[in-house]
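A look at the structure
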Amino acid sequence: MSGPSTRPEYILPPTEPMAGWFRVAALVLAVLAALAGGAHLAAWLAGVMAERGFTQITMKANTGLAILLLGVSLALRAADGPGRALRVTASVCAGLALLIGALTLSENVFGWDLGIDQLLAEEPPGALGVEHPNRMGPPASLAFVLAGAALLGLDRRRRTAQALALGVCLIGLLSAVGFLYNVAQFYAITRLTAIAWPTALALLGLGLGTLCARPGTGLMALVAADDAGGRALRRLVLASTLLPLGLGYLRLVGERMGLYDAAMGTELLMLVFVVSFTATAYFVSLGISRRQAARRQAEEALRQSEARYSSLFHNSHAVMLLIDPADGQIVDANQAACAFYGYDEAQIKAMRITQINTLSPEQVRQAMQRARDGRQRAFEFRHRLASGEVRDVETYSGTIQIQGRDLLYSIVHDVTARKDAEHARHQLTAELTRSNQDLEQFAYVASHDLREPLRMITGFMGLLKERYGEQVGEEGREFISYAVDGAERMQGLLSGLLEYSRVTTQRRQPEPVAMGEAFDIALANLWQSVQDTGAEVSADELPTVRADPTQMAQLLQNLIANGLKFRRPDVPPRVHVGVQRQQGQWQFCVSDNGIGIEPTQAERVFVIFQRLHTRDQYEGSGIGLAICKKIVERHGGQIWVQSTPGEGSTFYFALPAED
């Protein structure tokens, strides 16, 4: 649970790893204190502590309980974000410890006996450091009041809570130093004020842990700060705490061992102090100087970078704007922007982007937010010029920091001409599509409706020849035969045209088609031709494609029929259908051993009604391969032919392969 920040703005917050280390330290200190308090409480309940009070100052039963409660509360606070139930548990533990300390403190101050001292365990009279058996002294009880209040207010009044924690640290430190230097005045001025050394260390740990539980705010803001001041303070605090304690202890040990007298010990202590603190100050200052030098280098690099950006910005021929995303104010514009929009520099800097962009202010704000968050970089807008003309633009935008301000840069490209060309192309495409549809519909209607009149002409010409053939003579009968033949050929052309138009007008939605089944259907339709010509028709194992099943069968039928029709004299036709996968496509091939095609005619064979041979040589309307081409292209593929005259031809068509 994070409380309100009480960190001054000029102090940088701690880095996440640094804050994590402080919270881990608080958790470790809390666990150690809880273990110490719990162990002493268990020893009292087991009856092994009562007799120790006659030989040493001991942690009392209520003291152990209070330390255990405070350790649990601090551990839960240091976890930073427990659930509501755990937060309540932390507050209850701190409140109980505060209550124990307050009741015991009132007993010591007012001489009361509330009956709580021997409640958990009994201690015989005469124990060291106490007036009343199993009662903690005023310093310890005061420390518990301060520690409990600090943990209760840690997330509400952090400065006050941390000040109370400092008081706990001071009580614990005085007692711990007294035990370290064997100075009873620090831990037991009278029997009434004595503190056991485990209690002193536990209080010192609880006080430090409370301070570390909320790094970066309140009194700990500078200690945990990610700046030169914070780093210097952390080093100096360590030096000013550990060096005096360690050196003072070594001085006393040397004096007690008779290595030197008090005067010499004091002189040595001062000398070491001066050297140690001078070295500490030197290295701290050296670290600050290095960081300041690095900061100056970074600032110089930033200044040079901004200068290069400014030169690029103002000298660029591209239209460029700097915009404040907070309110859309145009902060800067280069000369290309002034020329494009038709404003001078002062005018455009006094404007907001909403005065240029034709979108609503809310839509512009949302677009700036997407650019600011990095969710979108390229935009298409319509910008209004000073002349009132509206131009289509593409804008590339992103964040940039200039002199500490987070701004949006916008590179604007005028795409009006391209948009106009695209619009014209779309219109032309729509017109061509409509024209093609009209032509296809016309071809279908014409080929369908003209067949009936042609059948009538053919029928009546036949009747004319049958009934009046003797009367018109040989020449008349020949003319009638020409007319009937022409009508029948016209009938064939119209049938082919109708079939060609149906490729588009009667198409089905694509579906999975087994090309092996389509091959079987095509071969069944050509069974009579295969028998008449003695042909051999074969196929590889064919794949499944997504297509119109009827048109796939028609495609294979037309290509196989082409191989059967254009065969060499006295050579039985052989037709084979193969396939291979290439670059995401199925490439089919239909090979024959027929008469072949001249390379110069390879494109012409796919043109509707284009014939390479006379009707006397090979019958047909010249529409079969044109239908094949239309079917393949309708399915997004390509078709082509490779041939050697006199040896045969191979027709290839490629269709998209499904993944």
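Everything numeric here is computed off the predicted structure, so don't read it as measured data.

**Observations regarding the overall build of the chain**
Scanning the chain from terminus to terminus reveals 18 helices and 12 strands. For the chain, buried positions account for 41% of its 659 residues. Partitioning the contacts of the chain with sequence separation of at least 6, the portion at a separation of at least 24 is 64%. For the chain, the exposed area adds up to about 35,600 Å²; of that, 58% sits on carbon and sulfur atoms.

**Some remarks on the pattern of salt bridges**
In total, this model carries 17 salt bridges according to the counting rule given. Two residues, Asp155 and Arg214, come together in a salt bridge whose shortest N-O distance is 2.7 Å. Here Asp155 is found in the loop between helix H4 (138-152) and helix H5 (158-181), whereas its partner Arg214 is found in the loop between helix H7 (197-213) and helix H8 (228-256), with 59 residues between them in sequence. Arg214 matches Asp155 in its accessibility class, with the two residues each being buried. The partner of Asp373 in a salt bridge is Arg375, with the nearest N and O atoms 3.3 Å apart. Residues joined by salt bridges that share partners form a network here, namely Arg77, Asp155, Arg158 and Arg214.

**Focus: the nonpolar core**
Ile67, Leu70 and Phe144 are the most contacted members of the largest nonpolar core, which totals 43 residues. Elements represented by at least two residues in this core include exactly helix H1 (16-46), helix H2 (61-78), helix H3 (84-110), H4, H5 and H7. The greatest single-element share of this core, amounting to 8 residues, is contributed by H7. Excluding anything up to four places from it in sequence, Phe144 contacts Thr63, Ala66, Ile67, Leu70, Ala97, Leu98, Gly101, Met136 and Leu203. One finds Leu559, Ile560, Val577 and Ile631 within the second-largest nonpolar core, a separate group that totals 39 residues.

**Thoughts on the side chain of Gln162**
Within the fold, Gln162 resides in helix H5. Residues within four places of Gln162 in sequence aside, it is in contact with Leu211, Arg214, Thr217, Gly218, Leu219 and Met220.

**Comments concerning the sheet that holds strand S12 (residues 648-656)**
Strands sit in the order S7-S9-S10-S12-S11 across an open sheet of 5 strands; the sheet is mixed. Each having just a single partner strand, strand S7 (536-539) and strand S11 (638-644) make up the two edges of the open sheet. Pairwise comparison of adjacent strand axes, ignoring direction, gives a mean angle of 15 degrees for this sheet. Sheet topology note: the S7/strand S9 (residues 574-582) ladder contains 4 bridges and is parallel. Counterpart to Ser538 in the pairing with S9 is His576. Across the face of the sheet, helix H15 (residues 515-525) comes into contact with S7, S9, strand S10 (585-592) and S12 while running at roughly 170 degrees to S7.

**Concerning the packing of aromatic side chains**
Summed over all chains, the structure comprises 6 aromatic pairs. Summarising the aromatic geometry, the rings of Phe606 and Phe651 are spaced 6.1 Å apart at their centres and angled 90 degrees between planes, so their arrangement reads as edge-to-face. Of the two residues, Phe606 is situated in the loop between S10 and helix H18 (624-634) and Phe651 in strand S12; the sequence distance between them amounts to 45 residues. With respect to class, Phe606 is no different from Phe651; both count as buried. Lying over the aromatic face of Trp586, Arg581 brings its terminal NZ or CZ to 5.5 Å of the ring centre.

**Concerning the sheet that holds strand S4 (residues 390-402)**
Here we have 5 strands laid out as an open sheet, ordered S2-S1-S5-S4-S3, and antiparallel in their pairing. Strands with a single pairing partner mark the edges of an open sheet, and in this sheet they are strand S2 (330-333) and strand S3 (378-384). When strand polarity is set aside, the average angle formed by the axes of neighbouring strands in this sheet is 35 degrees.

**Description of the environment of Lys465**
Looking at the element boundaries, Lys465 is found in helix H14 (residues 451-505). Distance from Lys465 to Ile480, taken between C-alpha atoms, is 6.6 Å for residues 15 residues apart in sequence.

Reading the values: rules and limits
- Residues numbered from 1 in each chain as written.
- Predicted model: local features only at pLDDT ≥ 70, side-chain atom pairs only at ≥ 80, totals over all residues.
- Heavy atoms only, no water.
- Helix = DSSP H or I, 4+ residues; strand = E, 2+ residues; numbered from the N terminus.
- Buried < 20%, exposed > 50% of the residue type's maximum accessible area, 1.4 Å probe, protein only.
- Contact = heavy atoms within 4.5 Å.
- Areas by Shrake-Rupley, 256 points an atom, 1.4 Å probe, with all protein chains shown as cover.
- Salt bridge = Lys/Arg side-chain N within 4 Å of Asp/Glu carboxyl O.
- Core = buried A, V, L, I, M, F, W, Y, C linked by side-chain atoms within 4.5 Å.
- Pairing = 2+ DSSP bridges.
- Axes fitted to C-alpha atoms, helices over the stretch in contact; angles between N-to-C directions.
- Phe/Tyr/Trp six-rings, centres within 6.5 Å; stacked < 30°, edge-to-face > 60°.
- Lys NZ or Arg CZ within 6 Å of the ring centre and 35° of its normal.

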